[in-house]
Structures are given as C-alpha cells and as structure tokens.
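Residue-level listing of the chains:
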Amino acid sequence: GKTELRLNADIEKRGALFAVLLDPDTSDEAAFVKAGSMAAENGADLLLVGGSYLGNFTLPKQVAALKAAVDLPVILFPGGASQVVPGFDAMLFMTLVSGRNPNYLIDEQVRGGALVRALNMEAIPTAYQLINSGKRTTVEYISNTMPVPANKPKLSMVNSIAAELMGMRYVYLEAGSGAEEPVPVEHIAYTRKSTEMTIITGGGIKDPQTAAVRVAAGAQIIVTGTLWEKVNDPALLKEFAAAIHVKG
Ligand code: 1GP
C-alpha cells in the first residue's frame, strides 16, 4: 500500500523514523489535534492513534480533525476490532504473536477484517509482541496474555521468525504504554539478525539516548506516547528526531 511504501522509503532515507502515539481516550479533540500538530512541527515522521480500550463514537471526528491539521501518515494502532473506523491512512493489522490467547491471535482479526475491507483501508500486517518491562501493563491485563520474559530475547526472535514466515512485514516489540523499562536491546538485535521485517519498538522510552541505542540495535520506528502527556517540549521532540534520524 501507499502508506507502507512511504514509510519504507522514509526509513531508507532517514535511517529510522520517529512516531508519536496519541491516545484519543486521554484528551479532548482540541488537545489531541494540538499534540499531533506539535509532534508534526518538531520532527515526528508519523502519528499512531490507539489505546487499549477506546471506543469509536468520537474517533472518526478526532481523526478527521487531526488529518486536516497535519501532513504526516496517521496510522491506526488498534486495541481491537471495535476501533476500526474510517479516516486513517492505514492501520497496523496486528496479531499478538507473543501471546497464546486465540482472541488476539485470530478472533479480533476476523471481526475487524471485513470492516477493514469494506472501508478499503490499507492494512500493514504486523506481529505484535509484548516484552516484560517490570510492572504489569494494561495490554497484559486486557489481552490476558503473558509477555515474553525480558531476559529471553531468543523467545521474541522465534516468534518474529514464525510471523515473517506467515507473511507479516512489520514487528512491534512493545514494553507497554507507560512501561517502567523499555524493550531490552537484545530483543531488537535478535529479531534484526533473524528477519527482514520492519521493527517498531515502544513503551517506556523517555529520552533520546534510549531511542538511539534501539535504532543502533536495528529498530526502524521508535514510538513514544506517555512522555508527551507529561511534557510539552518542542526542543525535546527535536532531540528525539535528531537521535532517531541517523541518516540525517
Ligand atoms: C505503547 O509503545 C507505545 O503502545 C508507547 O509507549 O506510552 O510508554 O511511550 P509509551
């Protein structure tokens, strides 16, 4: 699809991309659009929109307002089929491959897939893996799955290999929103050396250096969300972009 091609070309050009996650549950429309515009003006390459339990009543309106304000790809990062709504450039069509809960391996995809097709929405097949990051995370609780142990990077690697063989092109190594610790670099490095999938990582990334070492290990899209709910700092956004855009 068009958005996936644009992301891949941008990765080629900049080395890695800086994504800002906007949670429509935690802000009203004006704050949501303002956060997205500020990210866009200070070096973000794409915006992800999602949350574990958001409803879809106001989402299409929020997305339309965001799309009107920014020129970046706006990508749905859904917590379930109920979040498939019109207006996005694309969505991460995810399977929770680190878990063994059939609801998040196939049920939500069956419920959401027909809707994705009806909306003619671009879907980027993505293997989603939750990596243990200290305290229990919302996604662990909501998905009722066990994360990959932090000290077992070969386990996320074998999940990644299986996902690639099943045709997935992106893999999201996730510590969970607001995680105490980000995904350990070994998980990124093992998936990088064993697959050619585009690696997204996020959860608990709070400074540019933490992002940079993950890019060096092979991550191509760095996601930050929670940080921007607490700090409102254009200079810090720019520092993240500079640390991530290793090709300048
Ligand atoms: C969560 O990886 C994203 O799905 C971002 O995490 O909110 O901790 O930045 P944070």
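Before reading on, note that the structure itself is shown above.
Everything quoted here is computed from the prediction, not taken from an experiment.

The phi dihedral of N120 falls on the positive side, at around 55 degrees, and the residue is not glycine. By secondary structure assignment, the location of N120 is in the loop between α4 (102-119) and β5 (123-130). A relative accessible area of 68% places N120 in the exposed class.

Looking now at the pattern of salt bridges. Taken as a whole and judged by the stated rule, the model has 10 salt bridges. Two residues, E12 and K247, come together in a salt bridge whose shortest N-O distance is 3.9 Å. Of the two residues, E12 is situated in helix α1 (residues 2-14) and K247 in the segment after α10 (234-244); the sequence distance between them amounts to 235 residues. According to the relative accessible area criterion, E12 is exposed, its value standing at 58%. Here R14 ties to D45 by a salt bridge, and the two come within 2.4 Å at their closest N and O atoms. One end of the pair, R14, is in helix α1; the other, D45, is in the loop between α2 (29-41) and β2 (46-49), with 31 residues separating them in the sequence. When salt bridges that share partners are traced, they join R6, D10, K13, R14 and D45 into one network.

Attention now moves to the sheet that holds strand β6 (residues 170-174). Read once around its circumference, the closed barrel built from 8 strands follows the order β1-β2-β3-β4-β5-β6-β7-β8, with strand pairing classed as parallel. For this sheet, the mean inter-axis angle between neighbouring strands, taken without regard to orientation, is 30 degrees. When strand β3 (residues 74-76) meets strand β4 (residues 90-96), the two strands line up parallel, connected through 2 bridges. Residue L76 lies in a different strand from β4, and its bridge partner there is M91. Relative to the sheet, α1 contacts β1 (17-22), β2, β3, β4, β5, β6, β7 (198-202) and β8 (221-224), its axis offset from that of β1 by approximately 130 degrees.

The subject of this paragraph is the site of the ligand. Taken together, the neighbourhood of the ligand is formed by 15 residues, with E174, S177, G178, G225 and T226 sitting nearest. Contact between the ligand and S177: an oxygen atom at 2.7 Å from a side-chain N or O atom of the residue. Between the ligand and G204 there is a distance of 2.8 Å, counted from an oxygen atom to a backbone nitrogen or oxygen. Surface burial for the ligand is 96%, taken as the share of its 310 Å² of free accessible area covered by protein chains.

What follows is about the pairing of β8. Successive residues of a regular strand alternate their side chains across the two faces of the sheet. A two-sided burial pattern is seen for β8, the buried positions comprising I221 and V223 on one face and I222 and T224 on the other. In this sheet, β8 lies alongside β1 in parallel orientation, the contact comprising 4 bridges. In the strand pairing of β8, A19 is matched with V223. The pairing of β7 with β8 spans 3 bridges and is parallel. Bridged to I200 within β8 is I221. Each parallel crossover has a hand, and for β7 linked through helix α8 (residues 208-216) to β8 it is right-handed.

Conventions used here
- Residues numbered from 1 in each chain as written.
- Predicted model: local features only at pLDDT ≥ 70, side-chain atom pairs only at ≥ 80, totals over all residues.
- Heavy atoms only, no water.
- Helix = DSSP H or I, 4+ residues; strand = E, 2+ residues; numbered from the N terminus.
- Buried < 20%, exposed > 50% of the residue type's maximum accessible area, 1.4 Å probe, protein only.
- Salt bridge = Lys/Arg side-chain N within 4 Å of Asp/Glu carboxyl O.
- Pairing = 2+ DSSP bridges.
- Axes fitted to C-alpha atoms, helices over the stretch in contact; angles between N-to-C directions.
- Contact = heavy atoms within 4.5 Å.
- Near = heavy atom within 4 Å.
- Polar contact = N/O pair within 3.5 Å; in protein donor to acceptor, adjacent residues only side chain to side chain.
- Areas by Shrake-Rupley, 256 points an atom, 1.4 Å probe, with all protein chains shown as cover.
- Right-handed = clockwise from strand over helix to strand, strands pointing away.

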